[in-house]
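An overview of the molecular structure
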Amino acid sequence: DAGVTQSPTHLIKTRGQHVTLRCSPISGHKSVSWYQQVLGQGPQFIFQYYEKEERGRGNFPDRFSARQFPNYSSELNVNALLLGDSALYLCASSLGQLAGGYTFGSGTRLTVV
Amino acid sequence: TQLLKQSPQFLSIQEGENLTVYCNSSSVFSSLQWYRQEPGEGPVLLVTVVTGGEVKKLKRLTFQFGDARKDSSLHITAAQPGDTGLYLCAMITGANNLFFGTGTRLTVIP
C-alpha cells in the first residue's frame, strides 16, 4: 500500500507569489493534517481536516488556507509568499480525528526567494 | 505558553556508545509520542506513552514517561549509524493535534 504522498517534492517560488501543495492520504484514512517545519525546528501544526471539514487550525495567518476533497486528498494554499514561509511542509493522515495514529509524508520543500 | 524543550540540541557520539535524550515541559502531558526523522523524510512514530512512570522498549531504544507526566526520556544502547536522525517528542493536545518539541539531532559516527 502506498503511504502518504505529497507533491511536489521541491518548489521554488518568488516573494508575493501563491503556492498550492498537495497530499494524498493512506487509503482509508479520513483525516489529513498539515505541519510546517522550519529548518532546525520541530514541525508546527497548521490545519487538520476530517471528513472534509476543518477541525483545527494553528497559529498561522489567513494567507494559509486548506481544503479536503471527497476522496480525502487535501491541498494547502499559501498566498503572498514571504521569505519566512520557506520550510518543509508535511502532511499527515490518520484513520480518525485523533492525532495519535499519524503517518507522515516525506514533505514538500518550499523555498521562497 | 506551551514549550516542549528537548536536550541536548545536538549530540555526536561514536558507534557502540550509549546515550539519553530528554523532553521536558512545564505542563502535564495527556500522552507523549517520540518520532525519528531522517533527512528528506517525514517523522516516523517510534512509541506512544500514556501512563506516568511507563517504560517501553523497542529493541535498543528505551522510552520512559515521568511519574508526573511532565517529562520523558529516550535511551539508546549501543548506538548504530542507522540511529542517526532528528529525534522529536510530541504531545497530543486537547485539540487533537501534535505539539512538537525542539528536537535532538543525533549523529552516530562509525
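Heads up: the structure comes first, above all this text.
Residues numbered from 1 in each chain as written. Chains lettered and ligands numbered in written order. Predicted model: local features only at pLDDT ≥ 70, side-chain atom pairs only at ≥ 80, totals over all residues. Heavy atoms only, no water.

1. Some details on the overall build of chain B
A count of helices and strands for chain B gives 0 helices and 11 strands. For chain B, the succession of helices and strands along the chain, N to C, is β-β-β-β-β-β-β-β-β-β-β. For 110 residues, the compact-globule formula gives about 13 Å, and the C-alpha radius of gyration of chain B, at 13 Å, lands near that figure. Seen through its principal axes, chain B has C-alpha atoms that stretch 40 × 30 × 20 Å. Buried positions account for 43% of the 110 residues belonging to chain B. Restricting to contacts in chain B with at least 6 residues of sequence separation, those with at least 24 account for 53%. Total accessible area on chain B is roughly 5300 Å²; 53% of this is exposed by carbon and sulfur atoms. Between the mean site of the 9 positive side-chain charges and the mean site of the 8 negative ones, chain B shows a separation of 5 Å. (Helix = DSSP H or I, 4+ residues; strand = E, 2+ residues; numbered from the N terminus. Rg over C-alpha atoms; globule rule 2.2 N^0.38 Å. Buried < 20%, exposed > 50% of the residue type's maximum accessible area, 1.4 Å probe, protein only. Contact = heavy atoms within 4.5 Å. Areas by Shrake-Rupley, 256 points an atom, 1.4 Å probe, with all protein chains shown as cover. Lys, Arg positive; Asp, Glu negative; His and termini not counted. Charge placed at Lys NZ, Arg CZ, Asp CG, Glu CD.)

2. Things to note about the pattern of salt bridges
Residue and element names in this part refer to chain A. Scanning the model with the defined rule gives 8 salt bridges over all chains in all. Between Glu75 and Arg22 there is a salt bridge; the shortest N-O distance is 3.5 Å. A residue pair is termed long-range when its members are at least 10 positions apart, and Glu75 in strand 8 (residues 74–78) and Arg22 in strand 3 (residues 19–24) qualify at 53 residues. For Glu51, the salt bridge is made with Lys30, and the minimal N-O distance between the two is 3.4 Å. (Salt bridge = Lys/Arg side-chain N within 4 Å of Asp/Glu carboxyl O.)

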